[in-house]
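# Residue-level structural notes
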Amino acid sequence: MVNAGDLWSGLTLLFSFEALLYCFIGVALGTFVGVLPGIGAMTAIALLLPITYQLEPITSLVMLAGIYYGTQYGGSTASILLNMPGTPTTAVTCLDGYPMMKQGRGGVALLITAISSFIGSIIGTVALALFAPPLAQIAISFGSAEYLSLVVLGLLAVVLFSEGSVFRSLAAISIGALLGTVGIDINTGEQRFTFGLLSLYDGVALTAVALGIFGLAEVIANVGQVEERGPAQRISLRSMLPTGDDWPRSLKAALRGTAIGSFFGVLPGAGGVMASFMSYALEKRVSKNSAEFGHGAIEGIAGPEAANNANAQTAFIPTLTLGLPGDAVMALIVSAMMIQGVTPGPSFLHTNPALFWALVFSFVIGNAMLLVLNIPLVGLWVRLLNIPYRTLYPAIVVLICCGIYSVGTSVADVVTVAVMGVLGYGMRLLRFAAAPLLLGFVLGPLMEEHFRRALLLSSGHLSTFVSSWISVVILGAVVLMVLSVVVRQFRSRRQAAVGPSPADEEL
Amino acid sequence: MKTISTAWKTLPALLLGAGIALLPAGAALAQSVPDTITVVVPYTPGATADLNLRLIAREVTETSGRNVIVKNVPGAGAVLGAVEVVGARPDGGTLLLSIVGTHVTSELAASTPPYSLREDFVPVTRLWSAPLVLAVDADSPANSVAELLEQGRQKDGGLSYASPGVNSASHLVGIALAHESGVPMRHVAYQGAAPAIVDLVAGRVDIYFSSYTAIAPQVAQGQLKVLAVLDPSRQDLISDIPTMEEAGFAGINAGIEFALLAPAGTPSEAVEVLRKEFSAAANAANVQETLAASGDAVATGTPEELAAFIDAKFEEISAILASR
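Residues numbered from 1 in each chain as written. Chains lettered and ligands numbered in written order. Predicted model: local features only at pLDDT ≥ 70, side-chain atom pairs only at ≥ 80, totals over all residues. Heavy atoms only, no water.

Moving on: the overall build of chain B. In terms of helices and strands, chain B carries eleven helices and ten strands. Here the contacts in chain B between residues at least 6 apart in sequence split such that 76% fall between residues at least 24 apart. Counting every atom, chain B has about 13900 Å² of accessible surface; 57% of that belongs to carbon and sulfur. (Helix = DSSP H or I, 4+ residues; strand = E, 2+ residues; numbered from the N terminus. Contact = heavy atoms within 4.5 Å. Areas by Shrake-Rupley, 256 points an atom, 1.4 Å probe, with all protein chains shown as cover.)

Written as structure tokens, this is what we have:
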């Protein structure tokens, strides 16, 4: 139960000048680093880790956490303005954000993503504050069988509801999954597709793939294009404001995205990529204007943005209560905590209530700071577009190279970006969507790991996948989803065969 | 005659001058180890290995004044860090913190080993070790090793045991126990300790051979229980837990042993200086106390002892891998 004394000690712990200052530094740095394609939270946190050794636990935690969720605000900026994801979780925002920018609604897109991110973060923080222990229980009850069902749901959702041919999506996902197998196999220790290279031992880097497929491919595609640009755009505050039904549409999408993101954040390993993709798929499915998706539908950016921010906040639940970091960046934060002498885990809430509540309050304050920071910056970012492309794109390529190198100090990663860039460009020419490849890259290895582990644990009995109610519910949703698509296809084919009905003609 | 007397007068000055000139050379000989040394830790920052080493490094800096930098090079199952040290200059300026068992296993299990522990490295000293314990879910009906193994015999498919990765100490000891007891045991690999512990708490996997530190919070909360300690003698921290020897399996001991290695070619004076400094630091009272609080035991020794230990490890692990 929430103890008022703990809340108060948390507040007093946070409200010191040092802690608040570092909170601001953290979120500002996070936003900035999120905007730059290539450099992400990983780099920033790894670089600042040694500094945190000298700081108080609360100060260093607040700063690192600020960087973590701050990047989710900034990542969409590059996605919208340049069609390059600032972080892998904002790759989905490219799909509708960039078309909006091309329609002159870039300012609106940036504003909506900032607000959706805020909504997602705040609600996610409330979930963390009030429901951390029961939500942690959910994380525990998700075993490999349940994870597998969830991954299958995610993959099918994206396949069935993505743009273009289903077969093309499936092909892209498969290529991504194949790429994901590179590295050491968890169960046997065998090296797969590493060609003896130590740099491929741990697999291909996710950031490298995301940057290459989206970022570098975009640069390559624009090389040689004659720059068509109207007179320099004057961005007034008025033009940034969303119009008409933008507000209700994006608000509803943001709330749905928050629910999805909060759920996936609680499951360590599920990840922000999956959350944002699922939110996009859901928005497309429930929207009345689903034809607009891919051409500037505002729900297509509001939902995923809220999702990845809610994900970033609730990801602290398994981290703090179970000691289970959801991804590599969170693992770094756990390292920083342990160096400070704070051990996340089941006893964390009991032994460090003040620290927990100080952190929760810092999330609220940090997100407020981010909103205040990001909205005026919208005008600045849009003005960036007035830089001629022949200067902008080389600068971006340099940034991408520096960024990806800084993550693992490995030249192999930079080469990966180059190879992925060429691959991504090729895919564009053949009209394959790049987003499913990224999803396949993330979910394919997850699917393999959990499928094999579930069977190992159950001594080979396939019944393990339907033996828990969670698994059954999720698989049931999968079946319903497939059925709904099949029925719709069937109906539309019948319609075409029969010809327009008299009722249609009257209209 | 005048020149001779001048020469006699200048001779003492010359000798004195020569002596003074040679002094720095004498000091240079003692300077066989650079002022700043780097210890490569092949794990992510914040891992227990990392924390303990940082403690020792701080102690070395305080007592000897030498600047010790800890460099984390995680990846490839501790192989990347090892490879980095192999390529470093053998002037005593770079050391590797090694979990001996892991590095031996990585070398033996690989078809083309990326390094040779006995040829590419020079042993410096052992530092500390932590025994593994046999942990099961608190809801498990077994309360002793014997009961657990009996269950395994009754169950279809035997027992499942988790490990933080293939070829880890937890994995190998499972193979050894399956061989000794005749109970079939299925190895389930996870990416690191944390997911393994969650599955153990949830009861999805039967056993986890873990260091005590990793599961101490869960044991305190009553989510897990420890059935045995894989060490010849009982541990002070958990003195009511019997040893595997008492449970009837004298040969099943496993622990995680940490040692310092230097790249091959490092001169023996440098090795001796480093050994002295790091051993002294590891045996310092505050270091021993902190390590003991988490169940680790400081165990330093000479380079020869470490070399013998590495040879023994090679034999032991070859035998286990062959029995698979």
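Text resumes after the structure shown.
Turning next to the overall build of chain A. The number of helices and strands found in chain A is 22 helices and two strands. Relative to the globule expectation of 23 Å for 507 residues, the C-alpha radius of gyration of chain A, 23 Å, shows essentially globular dimensions. Looking at chain A as a whole, 55% of its 507 residues are labelled buried. Counted over contacts in chain A with a minimum sequence separation of 6, partners at least 24 positions apart contribute 79%. Here chain A has roughly 21100 Å² of accessible surface; of this, 69% comes from carbon and sulfur atoms. (Rg over C-alpha atoms; globule rule 2.2 N^0.38 Å. Buried < 20%, exposed > 50% of the residue type's maximum accessible area, 1.4 Å probe, protein only.)

Each side of the interface is counted separately: chain A has 30 residues, and chain B has 32 residues. Summing the contributions of chain A and of chain B, the shared interface buries around 2500 Å²; its carbon and sulfur component is 63%. Applying the counting criterion to the chain A and chain B interface returns zero salt bridges. Along the contact surface separating chain A from chain B lie five residue pairs in polar contact (both at pLDDT 80 or more). Taken together, the elements giving at least two residues each to the side of chain A that touches chain B come down to α6 (106-141), α15 (328-339) and α20 (435-457) of chain A. Residues that form the side of chain A that touches chain B fall into these classes: 14 nonpolar, twelve polar and four charged. (Buried area = accessible area lost by both parts, 1.4 Å probe. Salt bridge = Lys/Arg side-chain N within 4 Å of Asp/Glu carboxyl O. Polar contact = N/O pair within 3.5 Å; in protein donor to acceptor, adjacent residues only side chain to side chain. Nonpolar A, V, L, I, M, F, W, Y, C, P; charged D, E, K, R; others polar.)

What follows concerns unusual backbone geometry. One non-glycine residue, R431(A), lies in the positive phi region at around 60 degrees. Looking at where R431(A) falls in the secondary structure, it is placed in the loop between α19 (411-429) and α20. Of note, the phi angle at N167(B) is positive, near 65 degrees, even though the residue is not glycine. When you line up the elements, N167(B) lands in the loop between β5 (159-163) and α6 (169-181).

A few words now on the packing of helix α7 (residues 144-161) of chain A against α20(A). Residues and elements named next belong to chain A. The N-to-C vectors of α7 and α20 enclose an angle of 150 degrees; their axes lie 8 Å apart at closest approach. Relative to α20, the element α7 lies roughly antiparallel. You can see that α7 and α20 cross each other, and the crossing is left-handed. Contact residues: S144, A145, Y147, L148, V151, V152, G154, L155 and V158 in α7; L439, L443, L446, M447, H450, F451, R453 and A454 in α20. A class-by-class count of the residues in the contact of α7 with α20 yields 13 nonpolar, three polar and one charged. (Axes fitted to C-alpha atoms, helices over the stretch in contact; angles between N-to-C directions. Parallel < 35°, antiparallel > 145°, perpendicular 65-115°, else oblique. Left-handed = near helix turned anticlockwise from the far one by under 90°.)

Right, let's get into the environment of Y22(A). All names here are of chain A. Mapped onto the elements of the fold, Y22 is located in helix α2 (residues 17-35). The buried category is assigned to Y22, whose relative accessible area is 18%. As a C-alpha pair, Y22 and I396 span 374 residues in sequence and 29 Å in three-dimensional space. For Y22, the contacting residues outside a window of four places in its chain are L55, T59 and M63.

Let us now look at the packing of aromatic side chains. For the structure shown, the criterion picks out 13 aromatic pairs over all chains. Taking the centre distance of 5.2 Å and the plane angle of 80 degrees together, the rings of Y69(A) and F363(A) count as edge-to-face. Separated by 294 residues along the polypeptide, Y69(A) in helix α4 (residues 57-82) and F363(A) in helix α17 (residues 353-384) bring together distant segments of the chain. On the accessibility criterion, Y69(A) (0% relative accessible area) is buried. Consider the rings of W128(B) and F258(B), whose centres lie 4.3 Å apart with planes at 20 degrees: the pair is stacked. In this pair, W128(B) is assigned in strand β4 (residues 121-137) and F258(B) in strand β9 (residues 255-263), connecting sequence segments 130 residues apart. The class of W128(B) is buried, set by a relative accessible area of 1%. We classify F258(B) as buried; its relative accessible area is 7%. (Phe/Tyr/Trp six-rings, centres within 6.5 Å; stacked < 30°, edge-to-face > 60°.)

The next thing to look at is the confidence of the model for chain A. Considering every residue of chain A, the mean pLDDT works out to 85; 95% of them sit at 70 or more. Mean pLDDT across the elements of chain A ranges from a minimum in helix α22 (residues 502-506) of chain A, with 48, to a maximum in helix α13 (residues 299-314) of chain A, with 93. (pLDDT = per-residue confidence, 0-100.)

The subject of this paragraph is the pairing of strand β1 (residues 36-41) of chain B. Across six bridges, the pairing between β1(B) and strand β2 (residues 67-72) of chain B is parallel. Its bridge partner lying in β2(B), V40(B) is registered against K71(B). (Pairing = 2+ DSSP bridges.)

Here we come to the nonpolar core. Among the nonpolar cores identified, the biggest contains 79 residues, and L134(B), F209(B) and F278(B) are the most heavily contacted of them. Apart from the residues within four sequence positions on either side, F278(B) is in contact with I37(B), V39(B), I56(B), V60(B), V68(B), L95(B), L127(B) and L260(B). Within the second largest apolar cluster, 77 residues are counted, among which are L61(A), L128(A), A312(A) and V205(B). (Core = buried A, V, L, I, M, F, W, Y, C linked by side-chain atoms within 4.5 Å.)

Another aspect to go through is helix α5 (residues 145-154) of chain B. Helical geometry: 3.6 residues make up each α-helical turn, so side chains three or four residues apart lie on a common side. All names here are of chain B. Those residues of α5 not exposed but buried are V145, L148, L149 and G152. Viewed along the axis of α5, the buried residues span an arc of 95 degrees, placing them on a single side of the element. When the buried face of α5 is taken as reference, the exposed residues oriented beyond 90 degrees from it are A146 and Q154. Check the buried side of α5 and you find it contacts β4, β5, α6, β7 (207-211) and β8 (224-229). (Arc of directions from axis to C-beta.)

Moving on, we come to the pattern of salt bridges. Residue and element names in this part refer to chain A. According to the stated counting rule, one finds 22 salt bridges over all chains in the structure shown. Residue R192 is joined to D185 by a salt bridge in which the shortest nitrogen-to-oxygen separation is 3.8 Å. In this structure, the salt-bridge partner of R452 is D185, at a minimum N-O distance of 2.8 Å. Note that R452 is positioned in helix α20 and D185 in the loop between β1 (183-184) and β2 (191-192), a separation of 267 residues in sequence. With a relative accessible area of 27%, R452 lands in the partly exposed category.

Here we come to the confidence of the model for chain B. Residues and elements named next belong to chain B. Confidence along chain B averages 85 in pLDDT terms, with 90% of residues attaining 70 or more. Under a pLDDT of 50 for its full length, residues 25-30 has, in the predicted model, zero contacts with residues more than four places off or in other chains. Model confidence for the complex is summarised by a pTM of 0.83, with the ipTM given as 0.81.

Residues and elements named next belong to chain B. Here Q235 shows up in the loop between β8 and β9. When its relative accessible area of 16% is taken as the criterion, Q235 is described as buried. Taking C-alpha positions, Q235 is 8.8 Å from P131, a pair spaced 104 residues apart along the chain. Not counting residues up to four positions away in its chain, the partners in contact with Q235 are P131 and V229.

This part is about α7(A). In this model, α7(A) (18 residues) spans 26 Å end to end at C-alpha, consistent with the 26 Å of a helix rising 1.5 Å per residue. Most of α7(A) sits inside the fold, with 15 of its 18 residues counted as buried. (Expected span 1.5 Å × (residues − 1).)

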